[in-house]
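Observations on chain architecture
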Amino acid sequence: MDRPTHLIEFETMLLGRHLYLNSPRAGGRLERSAYIVLSRIRMEGPMSIGQLSDAFGLDASTLNRQTAAMLRAHLVERIADPEGGIARKFRITAEGERRLDAHRRESVQGLERVMAGWEPQEVAAFAAYLKRFNTDIENLDERPWPRP
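Per chain, residue numbering runs from 1 following the sequence as it is written. Only residues with pLDDT of 70 or above have their local features reported here, since the model is predicted, and side-chain atom pairs are shown and tallied only from 80 upward, although totals for entire chains, interfaces and linings are computed over all residues. Only hydrogens and water are removed before side-chain values are computed, so all heavy atoms of the structure are retained for them.

An unreviewed UniProt entry lists the protein under the name MarR family transcriptional regulator, from Streptomyces ortus.

Overview of the packing of aromatic side chains
Here a ring pair, both rings aromatic, is described through the centre-centre distance and the interplanar angle of the planes. Definition in use: Stacked, edge-to-face and tilted are the three classes for Phe, Tyr and Trp ring pairs, Trp counted by its six-membered ring, which pair at centre distances within 6.5 Å; planes under 30 degrees apart are stacked, over 60 edge-to-face, the rest tilted. Burial status follows relative accessibility: with a 1.4 Å probe on protein chains alone, a residue under 20% of its type maximum counts as buried, one over 50% as exposed, and anything between as partly exposed. Lysine NZ or arginine CZ positioned within 6 Å of the ring centre and within 35 degrees of the ring normal marks a charge as sitting over the ring.
Tallied over the entire structure, the rule returns two aromatic pairs. Arranged with centres 5.5 Å apart and planes meeting at 70 degrees, the rings of tryptophan 118 and phenylalanine 126 form a pair that is edge-to-face. Of the residues examined, tryptophan 118 reaches a relative accessible area of 36% and is grouped as partly exposed. For arginine 40, the ring lying beneath its charged end belongs to phenylalanine 56, and the centroid distance is 6.0 Å. Residue placement shows arginine 40 over the ring face of tryptophan 145; its charged tip is 4.7 Å from the ring centre.

Some points on the pattern of salt bridges
Threshold: Any Lys or Arg side-chain nitrogen found within 4 Å of a carboxyl oxygen on Asp or Glu counts as a salt bridge. By definition, any uninterrupted DSSP run of H or I lasting at least four residues is a helix, any uninterrupted run of E lasting at least two residues is a strand, and each is numbered from the N terminus.
One pass over the structure, following the stated rule, counts eight salt bridges. Between arginine 40 and glutamate 44 there is a salt bridge whose closest N-O contact spans 2.8 Å. Taken together, the residues span about one helical turn, with arginine 40 and glutamate 44 both in helix H2 (residues 32–44) at a distance of four residues. Judged by relative accessible area, arginine 40 falls into the buried class, the value being 5%. A relative accessible area of 41% means that glutamate 44 is categorised as partly exposed.

Details of the packing of helix H3 (residues 49–56) against helix H4 (residues 60–72)
So the rule is basically this: To obtain each axis, a line is fitted to C-alpha atoms, and for helices this fit is confined to the stretch in contact; angles are then taken between N-to-C directions over 0 to 180 degrees. Roughly parallel refers to an angle under 35 degrees, roughly antiparallel to one over 145, roughly perpendicular to one between 65 and 115, and oblique to any angle outside these ranges. Should the near helix be turned anticlockwise from the far one by less than a right angle, the crossing is termed left-handed; should it be turned clockwise, right-handed. The criterion used for residue contact is that any of the two residues' heavy atoms lie within 4.5 Å.
Contact geometry for H3 and H4: axes closest at 9 Å, N-to-C directions at 115 degrees. When the axis of H3 is compared with that of H4, the two are roughly perpendicular. In the crossing of H3 with H4, the sense of the turn from one axis to the other is right-handed. Contact residues: H3 offers Ile49, Leu52 and Ser53, while H4 offers Ala60, Leu63, Asn64 and Thr67.

Quick notes on the environment of aspartate 141
Tracing the backbone shows aspartate 141 in helix H6 (residues 120–141). We classify aspartate 141 as partly exposed; its relative accessible area is 41%.

Re H6
Threshold: What a helix should span is 1.5 Å times the count of its residues minus one.
Here H6 contains 22 residues, and its C-alpha end-to-end distance of 32 Å stays within 8% of the 32 Å for a straight helix at 1.5 Å per residue. Positive backbone phi, approximately 55 degrees, marks glutamate 142, located one or two places after H6.

Below, the structure written as structure tokens:
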């Protein structure tokens, strides 16, 4: 690990592991893919398989499997396109909203426990660097993620 990028790669690998291991478990853990898809649908509104495929760079068969599992879990529902298009869209359900909110709340609480000894400006600087890092990835991939 002779270069900073080597250390960043190693630390982001560990970060992914830690976030998965410490993710919410109460009330039924959301699968990682469901958490991400639900978050995107919440930000953008109802989305078709094609729109999800474009947003994530995944093939339709992968998204069909993921959304089928989310339908069975009552996290999303299929609706007619509100704009009159042909493709049906997926909309987050009340159960999906509840589970997404619970998952996010528990994730934030976990982060607050980890960062309890950090100064507020350190937390803010870390958040800004993470946003910049993610935004630069999105720009290279040409798939920006909507932000609040």
